[in-house]
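Structural overview
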Amino acid sequence: MNLKICGDIDDQIRRARAMYNNIIAVMRGIYDEMQTFTMEHAGPEGQALHEKIVAANVAFDAAKADNDEPRMKQIAMERRELWKALSIILKEVRKEHKNILKERFYSRIGNNSSTETYQCRAEAIVGGLGYATATKVLDNALKAWQMSMAKGKAPRFARGEEKDQDTLTLQFSQAGGVPVEDIFTGKRKDIEIEYPKKGFGPRSYSAFRFRLGAASEANYAEGTVQLHRAIPENARIAMAHLTRKKAGRKYQYELQLLATLAEPINLLPDHRRKPLVAVHFGWSGDEEGRRLAGIADNADPLEARLLTLPPDIEDDIREASALQAKRDTYRDEVFLRLKEENALPTKGETPLSEHWNKIRKLPAQHVSANRMHHLAWLVKSELIEIPEWFETWRKADQRMWVQATSLARRARNRRKKYYEKVAIDLASRYEAILIEIPDLKKSAEKVNEKTGEKTEFAKKARSGRVMAALYVLESAIQWAACKHGSAVLKIKGEKTASVCAFCEGDHLEEKEEHDSQTLYCPDCGSTVDRKLNGAANAWKRAASDLESLVTEYWEATREKQMGKAETKRLKSEKMAEARRLKRQAVSQESVGA
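I will try to describe carefully the structure that is included in this document. Here the structure is a predicted model, which is why all the values come from computation and not from measurement. (Residues numbered from 1 in each chain as written. Predicted model: local features only at pLDDT ≥ 70, side-chain atom pairs only at ≥ 80, totals over all residues. Heavy atoms only, no water.)

1. A few points about the sheet that holds strand β12 (residues 432-436)
- One open sheet accounts for five strands, arranged β11-β10-β9-β12-β13; its pairing is mixed. The outermost strands of the open sheet, each flanked by one partner alone, are β11 (305-309) and β13 (487-491). Sheet twist, expressed as the mean angle between neighbouring strand axes with direction ignored, is 25 degrees. (Pairing = 2+ DSSP bridges. Helix = DSSP H or I, 4+ residues; strand = E, 2+ residues; numbered from the N terminus. Axes fitted to C-alpha atoms, helices over the stretch in contact; angles between N-to-C directions.)

2. Some details on a negative patch on the surface
- Together, Asp545, Glu547, Glu552, Glu555 and Glu559 make up a region of like negative charge exposed at the surface.
- For Asp545, the location among the structural elements is in the loop between α15 (530-543) and α16 (546-592). (Patch = residues over 30% accessible without salt bridge, like charges linked within 9 Å, V, L, I, M, F, W, Y side chains within 5 Å. Areas by Shrake-Rupley, 256 points an atom, 1.4 Å probe, with all protein chains shown as cover. Salt bridge = Lys/Arg side-chain N within 4 Å of Asp/Glu carboxyl O. Lys, Arg positive; Asp, Glu negative; His and termini not counted. Charge placed at Lys NZ, Arg CZ, Asp CG, Glu CD.)

3. Here we look at the sheet that holds strand β15 (residues 515-520)
- Strands sit in the order β14-β15-β16 across an open sheet of three strands; the sheet is antiparallel. Of all the strands in the sheet, the pair left with one neighbour each is β14 (509-512) and β16 (527-529). For this sheet the average axis-to-axis angle between neighbouring strands, irrespective of direction, equals 55 degrees.
- One ladder, built from three bridges, connects β15 with β16; its direction is antiparallel. When the bridges of β16 are listed, Tyr520 appears paired with Thr527.

4. As for the nonpolar core
- Val279, Phe281, Leu426, Ile433, Ile435 and Ile477 are the most contacted members of the largest nonpolar core, which totals 32 residues.
- Put simply, the parts of the chain that give this core at least two residues each are β9 (277-284), β10 (290-296), β11, α8 (311-340), α11 (388-429), β12, α13 (459-468) and α14 (470-484).
- Of all the elements, α14 adds the most residues to this core, at seven residues.
- Among residues more than four places away in sequence, those in contact with Ile477 are Phe281, Ala423, Leu426, Ile433, Ile435 and Val488. (Core = buried A, V, L, I, M, F, W, Y, C linked by side-chain atoms within 4.5 Å. Buried < 20%, exposed > 50% of the residue type's maximum accessible area, 1.4 Å probe, protein only. Contact = heavy atoms within 4.5 Å.)

5. Things to note about the state of the cysteines
- Evaluated as defined, the whole model comprises zero disulfides.
- Looking at the unpaired Cys521, the closest cysteine sulfur is the one in Cys503, lying at 3.5 Å.
- Judged by relative accessible area, Cys521 falls into the buried class, the value being 0%. (Disulfide = S-S within 2.5 Å.)

6. With respect to the packing of helix α1 (residues 9-40) against helix α6 (residues 131-150)
- Interaxial distance between α1 and α6 falls to 10 Å at its minimum, and their mutual angle equals 35 degrees. Seen along the crossing, α1 lies across α6 with a hand that is right-handed. Where α1 approaches α6, its residues Ala16, Met19, Tyr20, Ile23, Ile24, Met27, Tyr31 and Met34 are matched on the opposing element by Thr133, Ala134, Val137, Leu138, Asn140, Ala141, Leu142, Ala144, Trp145 and Met149.
- Among the residues making up the contact of α1 with α6, the classes are represented as 16 nonpolar, two polar and no charged. (Left-handed = near helix turned anticlockwise from the far one by under 90°. Nonpolar A, V, L, I, M, F, W, Y, C, P; charged D, E, K, R; others polar.)

7. Concerning the environment of Leu261
- If you trace the backbone, Leu261 turns up in the loop between β8 (250-260) and β9.
- Taking the C-alpha atoms as reference, Leu261 lies 56 Å from Arg360; in sequence the two are 99 residues apart.
- Here Leu261 is in contact with Pro232 and Ala235, once residues within four sequence places are set aside.

8. Things to note about the packing of aromatic side chains
- Under the defined criterion, the tally for this structure stands at ten aromatic pairs.
- Relative to Trp356, the ring of Phe335 lies with its centre 5.9 Å away and its plane at 70 degrees, an arrangement referred to as edge-to-face. Taken as a pair, Phe335 in helix α8 and Trp356 in helix α9 (residues 351-359) lie far apart in primary sequence, 21 residues in all.
- Judged by its relative accessible area of 2%, Trp356 falls in the buried class. (Phe/Tyr/Trp six-rings, centres within 6.5 Å; stacked < 30°, edge-to-face > 60°.)

9. A short note on helix α10 (residues 369-381)
- Helix length check: α10, at 13 residues, gives a terminal C-alpha distance of 18 Å against a target of 18 Å (1.5 Å per residue), a fit within 8%.
- Every buried residue of α10 is accounted for by Ala369, Arg371, Met372, His373, Leu375, Ala376, Leu378 and Val379.
- Its buried side turned inward, α10 meets α8, α9 and α11.
- Where α10 ends, the next residue or the one after it, Leu383, has phi of about 60 degrees, a positive value. (Expected span 1.5 Å × (residues − 1).)

10. Observations regarding the packing of α10 against α11
- Two elements in contact, α10 and α11, have axes separated by 11 Å at closest approach and are oriented at 130 degrees. On the basis of their axis angle, the class for α10 and α11 is oblique. α11 is crossed by α10, and the crossing has left-handed handedness. Along the contact surface, α10 presents Ala369, Met372, His373, Leu375, Ala376 and Lys380, while α11 presents Phe390, Glu391, Trp393, Arg394, Asp397 and Gln398.
- When the residues that make up the contact of α10 with α11 are grouped by side-chain class, the tally is six nonpolar, two polar and four charged. (Parallel < 35°, antiparallel > 145°, perpendicular 65-115°, else oblique.)

11. Some remarks on the pairing of strand β7 (residues 236-247)
- Bridging between strand β2 (residues 165-171) and β7 involves seven bridges; their strand directions are antiparallel. In the strand pairing of β7, Gln171 is matched with Met239.
- As paired elements, strand β3 (residues 178-179) and β7 share two bridges and run antiparallel to each other. Note that in β7 the partner of Pro179 across the bridge is Arg236.

12. Describing unusual backbone geometry
- The backbone phi angle of Ala218 is positive, close to 50 degrees, even though this residue is not glycine.
- For Ala218, the location among the structural elements is in the loop between β5 (205-212) and β6 (219-226).

13. Focus: the environment of Ser498
- Within the secondary structure layout, Ser498 lies in the loop between β13 and β14.
- You can call Ser498 partly exposed: its relative accessible area is 36%.
- Sequence-wise, Ser498 and Thr392 are 106 residues apart; in three dimensions their C-alpha atoms are separated by 56 Å.

14. Section: the pattern of salt bridges
- Applying the stated criterion across every chain, the model contains 31 salt bridges.
- The salt bridge involving Arg209 is made with Glu192; its shortest N-O contact spans 3.9 Å. Taken together, the positions of Arg209 in strand β5 and Glu192 in strand β4 (residues 191-193) put the pair 17 residues apart, joining distant regions of the chain.
- For Arg209, a relative accessible area of 26% corresponds to the partly exposed category.
- Here Arg331 and Asp332 are joined by a salt bridge, their closest N and O atoms 2.8 Å apart.
- Where salt bridges share partners, they join Asp10, Arg17, Lys163, Asp166 and Arg244 into one cluster.

15. Points about the environment of Leu489
- Of note, Leu489 is situated in strand β13.
- Separated by 98 residues in the primary sequence, Leu489 and Ser587 have C-alpha atoms spaced 56 Å apart.
- The contact partners of Leu489, leaving out residues within four places of it in the chain, are Ala432, Ile433, Leu434, Ile435, Leu546, Leu549, Val550 and Tyr553.

16. Comments concerning the side chain of Gln12
- Tracing the sequence through the fold places Gln12 in helix α1.
- Owing to a relative accessible area of 3%, Gln12 belongs among the buried residues under this scheme.
- At 3.0 Å, the side chain of Gln12 forms a polar contact with the backbone oxygen of Gly128.
- For Gln12, the residues in contact, after removing those within four places along its chain, are Gly128, Leu129, Gly130, Leu168, Leu212 and Gly213. (Polar contact = N/O pair within 3.5 Å; in protein donor to acceptor, adjacent residues only side chain to side chain.)

Fair warning: the whole summary comes from geometry, so function is off the table for now.
The structure is reproduced here in structure tokens:
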């Protein structure tokens, strides 16, 4: 999308970022107060552990400044054990004072008008930020709070140089959104898109207008937008997003419309579907393509098929990773050279000297490329002559960043499209899809928390897990099943791959030492692929009780939908009652006056 700015998009984004960090500052203040309260009630033992952790933090920072990695690892291990002991005590304190914590601290965070975080939203709107964008920023901050609290930490401030995407939002208060025709016929003052003269298509462009900030300011972004496909008839637009994405040294913009349909699109097949298919996931490497899953629609593993990741997708992702590794190597070399040659000033109170003094004590691998580029920007802004080799690195790093990110993004998009195609094929051919996924969380662990030993999954296996991105495949199957009305069944922890699908013997062994995917059964003498064997066994487990499993799935789905509808209804009633009471209070005050 090409934009001709009539209104300051950057100003709105700066306001949104400032509001987010203001909310985070409020949250961190409340978190500190809550931690102080908890420690005051932790008793002598808890306070002693806390003092040891503080001392360990000081020692860790000193070791980090000296680049003493063995000492850093030792302190980190000791600190981890101290935190484990302290967390047990703090858990009991929070449990005992649950109501006090909720009333005194948690009640101050939320999206109600009485909370401190909501007051930040109100102040930002008064300052000129659009109300829908402010609401979205508040929602993002609350999500950050929930995620951080789950880890026992306060949320982090957002740093502008780390953000690649910002979004401005328009939300339509009309129930269900506004008719799509209103946006294309000029009935809306906040957003308007001209109807394309040549119809919708890849080369169809139209002028548009998007309001920035409050309606009274009459501030708009204007430009042209590519309308590559038509919006479904009778659709209503609930929300509009104007998104700015960073692409190298420039920005790209997208206009997104969130459409709701009168009726959901269900892609009903025009043929009779088979009752069940089983998908046994994995991610082992292979010359013909990474082996993602075995797919079986009967009990015979010889009739099952193997799903593989196209090699060109994996090659591009690996090339992007190699480019990133090359960037890291060059960055480390340049950083060390800056320190060795004392190329930058360390005295004074300028932003450059403060930034440089902050990062020059760190190990090279702890300094991101973003911080190095910020350093180069500070050098230029203070009119200091930048070393030629530093400027050469900066330009080369920008080119490599664009190349690596573009290559990785295209490869991931191709992988997603491929998974969606596979998922649509399965959902259109089968009434129920059984998926068996390995424990991804367990496979991601490098060290066993209980024993302290390295897990059985090697670094290469963990790399393959990331390359396969099975969660994307699972999401695609869930999406396609919803569209086609297929049930999605799951099994976990069953011995499917380790039991022979022909004779049900449990003495399977690897046929060759370096081939873990081909199994041999000494009981019946058969040879079978591990994933195809697992898929056939999974199919047999589900087929024996398929009717009850499918019935339970649809009952659970229906209950979940009814629960969501009931929650939404209760929330609407509560909001309506709050508005009624507020109007009543205002009315009584006006009568009294």
